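The primary structure of each chain is shown beneath.
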Amino acid sequence: MSDRAVDPATTSTAVLATAPHRDGLTRAAPSTTGADADAIGAFLDDVDAAGLDLHSLMLYHRGHVVAEAWRWPYRADRPRILHSVAKSFTACAIGLALADGLFRLDDKVVDFFPEARPAPDASAGNGQDWLAQMTIEDLLTMRTGHEGETSGAAWRSLQSSWIAEFFRIPLVHQPGSAFMYTSAASYVLSAILSRVTGETLHDYLKPRIFEPLGIHGEKWDIGPDGINPGGNGLTATMADMLKLGLLHAQNGVWEGRRLLPEQWVKQATQPHGEPFKYGYHWWTRGDGNFSAIGRFVQMVTVFPAHGAALAVTGAIKGSGRLFPHIDRYFPVAFRDPKADSTAAREAAAADARLTARLAAWQSPDAPAPWKLADRAVRAPMNSGARRFTIASNPHGVQTLEFGFADDRCTFRLIDAHGPHTIVAGFDRWIETRTDMPGSDLHHGYHLVHSPVVARACWVDERRLQMTWIFAETAFRDTVIAEFDGTRLVFRREVNINGGALRHEDLNGTLSD
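Overview of the structure.

### Details of the overall build of the chain
Thinking step 1. Along the backbone of the chain there are 13 helices and 22 strands.
Thinking step 2. Taking 24 Å as the expected radius of gyration for a compact globule of 512 residues, we find that the chain reaches 25 Å, a close match to that expectation.
Thinking step 3. Over its C-alpha atoms, taken along the principal directions, the chain stretches across nearly 75 × 70 × 35 Å.
Thinking step 4. A burial count over the chain gives 55% of its 512 residues as buried.
Thinking step 5. Counting contacts in the chain only where the partners sit at least 6 residues apart, residues at least 24 apart contribute 62% of the total.

### Looking at the packing of aromatic side chains
Thinking step 1. Enumeration over the complete set of coordinates arrives at 27 aromatic pairs.
Thinking step 2. An angle of 75° between the planes, with centres 5.2 Å apart, marks the rings of Phe 402 and Phe 483 as edge-to-face. With Phe 402 in strand 14 (residues 399–405) and Phe 483 in strand 20 (residues 476–484), the pair connects residues that are 81 residues apart, well separated along the chain. Each of the two residues, Phe 402 as well as Phe 483, counts as buried.

### Side note on the sheet that holds strand 5 (residues 219–220)
Two modes of strand pairing occur in sheets, parallel and antiparallel, and in both the strands are linked by backbone hydrogen bonds.
Thinking step 1. Here 3 strands make up an open sheet; going across it, the order is 4-6-5 and the pairing antiparallel. Where the open sheet ends on each side, the last strands, each with one partner, are strand 4 (80–81) and strand 5.
Thinking step 2. Summarising the sheet, strand 4 and strand 6 (residues 234–236) pair through 2 bridges and their orientation is antiparallel. From the neighbouring strand, Ile 81 faces strand 6, where its bridge partner is Thr 235.

### Re the nonpolar core
Thinking step 1. Counting 87 residues, the largest nonpolar core has Phe 113, Leu 205 and Leu 242 as its most contacted members.
Thinking step 2. In this structure, Ala 37, Val 47, Ala 67 and Ala 333 belong to the second largest nonpolar core, which totals 33 residues.

### Points about the side chain of Thr 182
Thinking step 1. With respect to the helices and strands, Thr 182 occurs in the loop between helix 7 (162–166) and helix 8 (183–197).
Thinking step 2. For Thr 182, a relative accessible area of 0% gives the class buried.
Thinking step 3. Of the polar contacts made by the side chain of Thr 182, one reaches the backbone nitrogen of Thr 150; its length is 3.1 Å.
Thinking step 4. If near-sequence neighbours (up to four positions away) are discounted, Thr 182 is found in contact with Lys 87, Met 142, Thr 144, His 146, Gly 148, Glu 149 and Thr 150.

### Points about the environment of Gly 288
Thinking step 1. With respect to the helices and strands, the residue Gly 288 is situated in the loop between strand 9 (283–284) and strand 10 (290–294).
Thinking step 2. The spacing of Gly 288 and Ala 305 is 17 residues in sequence and 8.0 Å in space, taken between C-alpha atoms.

### Concerning the packing of helix 3 (residues 85–99) against helix 10 (residues 238–249)
Thinking step 1. One way to put it is that helix 3 packs onto helix 10 with a least axis distance of 11 Å and a crossing angle of 45°. In terms of axis orientation, helix 3 runs oblique to helix 10. Here helix 3 and helix 10 pass one another in a crossing that is left-handed. Contacts from Val 85, Ser 88, Phe 89 and Cys 92 of helix 3 reach helix 10 at Asp 240, Met 241, Leu 244 and His 248.
Thinking step 2. Residues belonging to the contact of helix 3 with helix 10 are distributed by class as follows: 5 nonpolar, 2 polar and 1 charged.

### Here we look at the sheet that holds strand 10
Thinking step 1. With antiparallel pairing, the 6 strands of this open sheet are ordered in space as 3-2-12-11-10-9. In this open sheet, the two strands that pair with only one neighbour each are strand 3 (64–70) and strand 9.
Thinking step 2. Note that strand 2 (residues 54–61) and strand 3 share 6 bridges and pair antiparallel. Of the residues in strand 3, the one forming a bridge with Tyr 60 is Val 65.
Thinking step 3. On the sheet, helix 3 packs against strand 10 and strand 11 (298–303) and is oriented at approximately 125° with respect to strand 10.
Thinking step 4. Seen against the sheet, helix 10 touches strand 2, strand 3, strand 10, strand 11 and strand 12 (308–314) and runs at an angle of roughly 150° to strand 12.

Definitions and cut-offs
Residues numbered from 1 in each chain as written. Predicted model: local features only at pLDDT ≥ 70, side-chain atom pairs only at ≥ 80, totals over all residues. Heavy atoms only, no water. Helix = DSSP H or I, 4+ residues; strand = E, 2+ residues; numbered from the N terminus. Rg over C-alpha atoms; globule rule 2.2 N^0.38 Å. Buried < 20%, exposed > 50% of the residue type's maximum accessible area, 1.4 Å probe, protein only. Contact = heavy atoms within 4.5 Å. Phe/Tyr/Trp six-rings, centres within 6.5 Å; stacked < 30°, edge-to-face > 60°. Pairing = 2+ DSSP bridges. Core = buried A, V, L, I, M, F, W, Y, C linked by side-chain atoms within 4.5 Å. Polar contact = N/O pair within 3.5 Å; in protein donor to acceptor, adjacent residues only side chain to side chain. Axes fitted to C-alpha atoms, helices over the stretch in contact; angles between N-to-C directions. Parallel < 35°, antiparallel > 145°, perpendicular 65-115°, else oblique. Left-handed = near helix turned anticlockwise from the far one by under 90°. Nonpolar A, V, L, I, M, F, W, Y, C, P; charged D, E, K, R; others polar.

Keep in mind these values describe shape, not function.
This is how it looks when you write it as structure tokens:
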């Protein structure tokens, strides 16, 4: 396994030439588009002061990216698990299929899955009758009649047919009458598209949306039925997410070419049913703005009246914690430019302040929740190896190994699937790739060949702490290994999750 110490250059792009970058988007100083650079910087200060773990942002205004930054170790070229942002890509496919006449909004869901239609049962009551009434539009608006949410994490734990599982979910409301956000609805939309086209959702969108937008290298998971989940499972860059928002800000047109019907964009981004502010797999707001939102705030918000879009990624417990800060500074930041020379000088100075602010924010030395302080404790072990046999546990861990060298700890977990390794540096971060298990801490995702940036330190003479940053996700694990002679207690927790935030302690005995 190769590894490298991580010491990235700190590059800020708040003020750049208008030449297109690798993502195909042009850059410009905020003042050239009439954006207030000080307001953008104040937004970032506000978010930091609130203790919100924002990982990156890209702001587009009037034809150009005017501000962008990635908190280290996140980067522009790193893809990201976008969670439910995938739903808004799925909506694009449904809009295109409707325009092609492949189905209609009022088509009944059960008609696409005759094999899953339940047998007549006089005792089934309204639930069976309601199932026959459910339409494609009910799936789009999350008004399926389900009692509760089916999260992506719940789907990912299933090995059986997800289509069959969908038709087993009880209905407690007549379809079309009550909102219940659920990834199950998005999955069935993807399944319907595959039934009528013979293609996966991803393959259908590739030439129609992804390639025209200049989106490359994206990945979309496949479920047990050979179908993309629709509601999640998409990994792409933040610029790709921004482009999705820009396509809708421009009413479905990209570089002079119509990719989506204008009427569909209008329908998808306006609310359907009160009091819920939900469109066709887009979240809508009373001010005319709309958002694609993924778990832990992977998000693009579109301000159509201002020709603007803001994309962010983070590890934040709900977009409701970030929106008050967005509302405070946007669209206030989209002011009209002033023509006089004094205002121009002031705007240029604000641009420079923002450039410095973004450079400081994304520096490896900037304060962040996951940064480890240097420890004064003398390392009790700086060479050699220790191997511990682990007592029976619900995670199937059999052995833990710690290999110590002067500048690193090589940690290895062994289970029924074999060894899984992470290398953590002492007094430095080391990046490797890993398939370390822990999907129950990572919202159901099995991370395979995933970049991980790791550092270790001794908290005291008995306790070793490691921080593992899974740099293409929102997840950051903290582990503590407590050594007591021949005994080991191993603790692991995560910064954010849709379920449990920590594992049960593992207890081990030193092997001969």
